[in-house]
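What follows is each chain in one-letter form.
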Amino acid sequence: MYRYLENRLAHHVREFLRRTYDVELPKIVIEQPPRVELGEYALPLAFELAKRLRKAPRKIAEEIVAGIGPVEGFEKLELAGAGYINARVNREALAEALASNTEPPAETQPGKVLVEHSSINPNKAAHIGHLRNAILGDTFVRLLKAAGREVDVQNYIDNTGVQVADVVVGFLHLEKKSRAEIEQLASQPRFDYYCWDLYARASQWYAEDKQNLEVRRQTLHAIEEGGNETAALADLISVAVLRRHLETMDRLDIEYDFLPRESEILHLHFWDAAFTKLKEAGVLVYENEGKNKGCWVMRRRNSTTEVTGTEEADKESIAEEDQKVIVRSNGTVGYVGKDIAYHMWKFGLLGRDFGYREFYRYPNQHDCWISTTDGVPDHPHFGDVAEIYNVIDTRQAEAQNAVIEALRALGHNEAADRYTHFSYEMVALTPRCAAEMGYQLSDEDKTRSYIEVSGRKGFGVKADDLIDTLIASAKKEVDGRHPQLSDAERTTIATQIAVGALRYFMLKFTKQSVIAFDFKEALSFEGETGPYAQYAVVRATNIFRKGGIDPDDFSLAGIDFAHYLSGQDRNEIWELWLAASKTSYIIDQSIATTEPAYLAKHAFQLAQLFNSFYHSYPILSEADESRKRFLLATVAVVRRELTRVLSVMGIKVPAAM
RNA sequence: GGGCGCGUAGCUCAAUCGGAUAGAGCAUCAGAUUUCUAAUCUGAGGGUUGCAGGUUCGAUUCCUGCCGCGCCUACCA
């Protein structure tokens, strides 16, 4: 409702300005006053107009307030401070609409959206950094769906890279395992943990003797070529690890629709198709000399590096700095090249498609598909979308920009405009956390504020370990509180609490903030956490259960909202209603700014206001029947909206806490 | 060297194109439970928003310069 009223107010103000002053503002800025006593919306536009109209802001504000006339849904507009215009909504009307859940739907943009997230190298267990990625991505998917968009969720699998080769080297050269032995290991419940250690050992082995790198090179070559025993082993390993990743993410209710793999980008010659187009368009240039001799390179964004010196050699060397090698001198294509081809496919610009087969069925019967060279004839249509979001950490901004530049250089400006790098900062360990985990830190590391997670060093908190720890911790608490419930019921509740805590933790930080991971904070169930918000809903539900009333089928007839919400002395409860009305508004904002943290903040604020209300207003013991029904309506609305916000965050509400 | 980002309370973080008295959680201290379960609530202390200028009616936010920190800057993916 909040969003709807804001749009209406903006529309009215825009019309009034046009009529009265003949001015057209590009955007009517509407804010929220610092305190609810001042009203529900604040317009600072008089300050902006002061110069253009050559009048004092206060004078302009006065004129607008006096002249704008009634706006439906609002009580009045009033002048405040040095020139603010504050708007007061008709509380009764908003409450009635909210209670009956009749918000007019907003327009939905057409076209399918593709969200790519997770993209974990399939050579080791997922860690906390991957959790941030997947939770941000999955929440963004839920946001888009809540806004009515059709969404495809993709998880790109780099199954032919050096990381996979390293684990293959580990099995074949360090452990001398046979194929049968590897198959046996791959069927174990936490094969990815085994690979985690092996990957770190292989990395160590290369460091011990540079000669060993030759083994890696040969292994990688065999994998890329395909059709040999090494490639088959790599496939066996990467598919087994991939399954483990899907299982891990499914524990957090994160699902994918399609898993495009790098092996198919190679074997289905996506790159060849892209290469032809890139050469034709002159995007790629063959270097005949210099550092990049024999490579196909792309010029960096028209970085007009002004060369002040007149030396030709200087110009040359700077020009080389601006080049990005796409095809190496040995003829193989690098990561960025494959990514360009992949993104042309995403937008339906490549003229080729993957083969598809079903790969993983979720417990809810949803199917996740995977790329293959020869697929089944019947499959859903992926790719060819209107808009894409790539959830990839900020360290890859450079590579992402290269892909966008390539699209532009090919003349696909519209596609490039609808390509969003959903960028976020990494998760790192605090030195204390690293020490707790028993990692040896250098003296230099000890002075750092945080230490980067490194799969290569085997340095980090594994996703499943963290989830296990969270569940165990929640279970202990639930066991103590609800001994009458069955163990299965208690486990379900503990799991929901653990997932709520983890998802909330990863969402409460803004994207550009490095999360310095700390067990104490991540394991907390108190204060600004997921369980705090879940608990508020459980409390609301308990009121209805104890009262023998169905919160979803609760008659609103005859509730005198005006009586209980109007006036400055009713602000406390009104604030709760106002917060509850903002969900759609917050969802829109989170999408527009690609910032799910707003959602988390909103959930917490709503829960906090409710807990305070819960404490101050006894409901079931309320003697005044009319007042009691109003209070119940308040609880019902907050419960519904908070449940909705949590569900967009992928957080379920336990039956009891 | 260049590019991107960060610096706010003891700690971890917020602050919606630049807006009204810079807000939360944790930690500390003092309180609240015969009640719809305290995973809760109430209150207190805690700030020169890294430093110095500039723009503006107004700057945590924008600009410039410093200081400190992180990431990127491979024919690795």
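Residues numbered from 1 in each chain as written. Chains lettered and ligands numbered in written order. Predicted model: local features only at pLDDT ≥ 70, side-chain atom pairs only at ≥ 80, totals over all residues. Heavy atoms only, no water.

(A) How the structure looks around the protein's contact with RNA strand B. Taken together, 65 residues lie around RNA strand B, and Tyr84, Asp158, Arg328, Thr510 and Tyr532 are the ones closest in. Of what RNA strand B places within 4 Å of the protein, 61% of the atoms are sugar or phosphate. At 2.4 Å from a base nitrogen of RNA strand B is found a main-chain nitrogen or oxygen belonging to Tyr614. Elements with a contribution of two residues or more to the surface near RNA strand B: strand E3 (84-89), helix H6 (162-174), helix H19 (463-481), helix H21 (519-522), helix H22 (530-547), helix H25 (583-592) and helix H26 (597-616). Among the elements that take part in the surface near RNA strand B, H26 stands out by supplying 8 residues, more than any other. A class-by-class count of the residues in the surface near RNA strand B yields 30 nonpolar, 15 polar and 20 charged. (Near = heavy atom within 4 Å. Polar contact = N/O pair within 3.5 Å; in protein donor to acceptor, adjacent residues only side chain to side chain. Helix = DSSP H or I, 4+ residues; strand = E, 2+ residues; numbered from the N terminus. Nonpolar A, V, L, I, M, F, W, Y, C, P; charged D, E, K, R; others polar.)

(B) Spotlight on H26. Look at H26: 29 Å from first C-alpha to last across 20 residues, which is about the 28 Å you get at 1.5 Å a residue. Of the residues making up H26, those classed as buried are Ala597, Leu599, Ala600, His602, Ala603, Phe604, Leu606, Ala607, Phe610, Asn611 and Phe613. In the core, the buried residues of H26 are packed alongside helix H5 (128-146), helix H20 (487-508), H22, helix H24 (571-580), H25 and helix H27 (625-648). (Expected span 1.5 Å × (residues − 1). Buried < 20%, exposed > 50% of the residue type's maximum accessible area, 1.4 Å probe, protein only. Contact = heavy atoms within 4.5 Å.)

(C) Structural context of the pattern of salt bridges. A full pass over the atoms with the stated rule returns 51 salt bridges. As a salt-bridge pair, Arg18 and Glu24 come within 2.9 Å of each other at their nearest N and O atoms. Among the salt bridges present, the one from Glu641 reaches Arg644, with a minimum N-O distance of 2.9 Å. Placement of both Glu641 and Arg644 in helix H27 is noted, with a separation of 3 residues, approximately one turn of the helix. Residue Glu641 is classed as buried on the basis of its relative accessible area of 3%. (Salt bridge = Lys/Arg side-chain N within 4 Å of Asp/Glu carboxyl O.)

(D) Structural context of the sheet that holds E3. The 3 strands are arranged E1-E3-E2 in an open sheet whose pairing can be described as antiparallel. The sheet terminates laterally at strand E1 (41-43) and strand E2 (74-80), the two strands that pair on one side only. Each neighbouring strand pair of the sheet contributes to a mean axis angle of 25 degrees, computed without reference to strand direction. Together, E2 and E3 form the strand contacts of helix H3 (residues 57-67), whose direction differs from that of E2 by roughly 165 degrees. (Pairing = 2+ DSSP bridges. Axes fitted to C-alpha atoms, helices over the stretch in contact; angles between N-to-C directions.)

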